[in-house]
Amino acid sequence: MHALTEQQVRRSFLNCSQGEAKGLTLPRDFADLDWASLELLGWRDPKAPLRGYLVVETHDDEAIRPLGIAVRAAESRMSVRTAAMCLLCQTTQSGDAVSLFTARRTGAAGRNGNTVGTYMCADLACARRVREEVPPWLQDRNPAEVAAGRAADLRERVRGFVDAVRR
Ligand SMILES: [Zn+2]
């Protein structure tokens, strides 16, 4: 991703009010982010327990712009003893590290209460995970290639999610 200012992040949100976007809490390490290594910026709101945010870069009509999606985690959590997979970065973890998140859709659909839901890493740190964690079945492959492939897949799945929110 290209580096974004705080204002650009706040203005990028598609599915929440301006007031909500103004009031949300940015990641604690916002000033030190290594943007070039991020496929997306994902974080949980440190002050609002069930809220989380995803900001991605989209290329519409040759222009690169950030798009933010506000998501809400389900209140019920899965068990530590079951395995669950994040459908964005496809990392398998214990159930309590994966959460069902819903995003309000944009426009009339969203005003009618329509949401899109998917299972994601509870900490929304998929971008870091695809680079740092190698799934067991890929461990004998070249780590740099594995990370690049997982990052490209993540980008595609996040775009699919964003498209479902604004369809
Ligand atoms: Zn993930």
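In this text, all values refer to a predicted model and were calculated from it rather than measured experimentally.

A. Spotlight on the pattern of salt bridges. Applying the stated criterion across every chain, the model contains 10 salt bridges. One salt bridge connects Arg-10 with Glu-6, and the closest N-O pair in it is separated by 3.0 Å. You can see Arg-10 and its partner Glu-6 sitting in helix H1 (residues 6–11), 4 residues apart, about one turn around the helix. Residues Arg-128 and Glu-132 are paired through a salt bridge, measuring 3.2 Å at the closest nitrogen-oxygen approach. A residue pair is termed a helical-turn pair when its members lie 3 or 4 positions apart in one helix, as Arg-128 and Glu-132 do in helix H4 (residues 126–132) at 4 residues. Overlapping salt bridges bring together Asp-123, Arg-128, Arg-129, Glu-132 and Glu-133 as one network.

B. Quick look at the nonpolar core. Ranked by size, the top nonpolar core spans 43 residues in total, and within it Phe-13 and Phe-161 carry the most contacts. Mapped onto this core, the elements with two or more residues apiece are strand S1 (41–44), strand S2 (51–60), strand S3 (63–73), strand S6 (98–104), strand S7 (115–121), H4 and helix H5 (143–166). Here the element with the most residues in this core is H5; it accounts for 7 residues. Each residue touching Phe-13, except ones within four places of it in the same chain, is listed here: Ala-21, Leu-24, Trp-43, Tyr-53, Leu-54, Val-55, Gly-68, Ile-69 and Ala-70.

C. Representation of the side chain of Arg-129 in the model. Turning to its location among the elements, Arg-129 is positioned in helix H4. On the basis of relative accessibility, which here comes to 5%, the residue Arg-129 falls in the buried class. A polar atom in the side chain of Arg-129 sits 2.7 Å from the side chain of Asp-123. In this view, Arg-129 contacts Thr-91, Gln-93, Cys-121, Asp-123 and Arg-150; residues no more than four positions away in its chain are not counted.

D. Focus on a nonpolar patch on the surface. Among the surface-exposed residues, Met-85, Leu-87, Leu-100 and Tyr-119 lie close enough to one another that they form a single nonpolar patch of about 310 Å² accessible area. Of note, Leu-87 is situated in the loop between strand S4 (83–85) and strand S5 (92–94).

E. Fine view of the coordination of the zinc ion. For the zinc ion, the full set of protein donor atoms is Cys-86 (SG), Cys-89 (SG), Cys-121 (SG) and Cys-126 (SG), and the range of their distances to it is 2.3 Å. The site at the zinc ion holds 4 donor atoms, and with the angles between them running 102 to 119°, its shape is tetrahedral. Sequence positions of the donors to the zinc ion reduce to the motif C-x2-C-x31-C-x4-C. Overall, the relative accessible area of 0% leaves Cys-86 in the buried class.

F. Region of the structure containing the side chain of Arg-150. Tracing the sequence through the fold places Arg-150 in helix H5. A polar atom in the side chain of Arg-150 sits 3.0 Å from the backbone oxygen of Cys-89. Setting aside its immediate chain neighbours within four residues, Arg-150 contacts Cys-89, Gln-90, Thr-91, Arg-129, Val-130, Glu-133 and Pro-135.

G. Summary view of the sheet that holds S7. Strand order in this open sheet of 5 strands is S1-S2-S3-S6-S7, and the pairing throughout is antiparallel. Both edges of this open sheet fall to S1 and S7, since each of them pairs with a single strand only. On average, adjacent strands in this sheet sit at an angle of 30° to one another, irrespective of strand direction.

Conventions and cut-offs
- Residues numbered from 1 in each chain as written.
- Predicted model: local features only at pLDDT ≥ 70, side-chain atom pairs only at ≥ 80, totals over all residues.
- Heavy atoms only, no water.
- Salt bridge = Lys/Arg side-chain N within 4 Å of Asp/Glu carboxyl O.
- Helix = DSSP H or I, 4+ residues; strand = E, 2+ residues; numbered from the N terminus.
- Core = buried A, V, L, I, M, F, W, Y, C linked by side-chain atoms within 4.5 Å.
- Buried < 20%, exposed > 50% of the residue type's maximum accessible area, 1.4 Å probe, protein only.
- Contact = heavy atoms within 4.5 Å.
- Polar contact = N/O pair within 3.5 Å; in protein donor to acceptor, adjacent residues only side chain to side chain.
- Patch = residues over 30% accessible without salt bridge, like charges linked within 9 Å, V, L, I, M, F, W, Y side chains within 5 Å.
- Areas by Shrake-Rupley, 256 points an atom, 1.4 Å probe, with all protein chains shown as cover.
- Donors = N, O, S within 2.8 Å, 3.2 Å for Na, K, Ca; no water.
- Tetrahedral: all angles 85-135°; square planar, octahedral: opposite > 155°, others 65-115°.
- Pairing = 2+ DSSP bridges.
- Axes fitted to C-alpha atoms, helices over the stretch in contact; angles between N-to-C directions.

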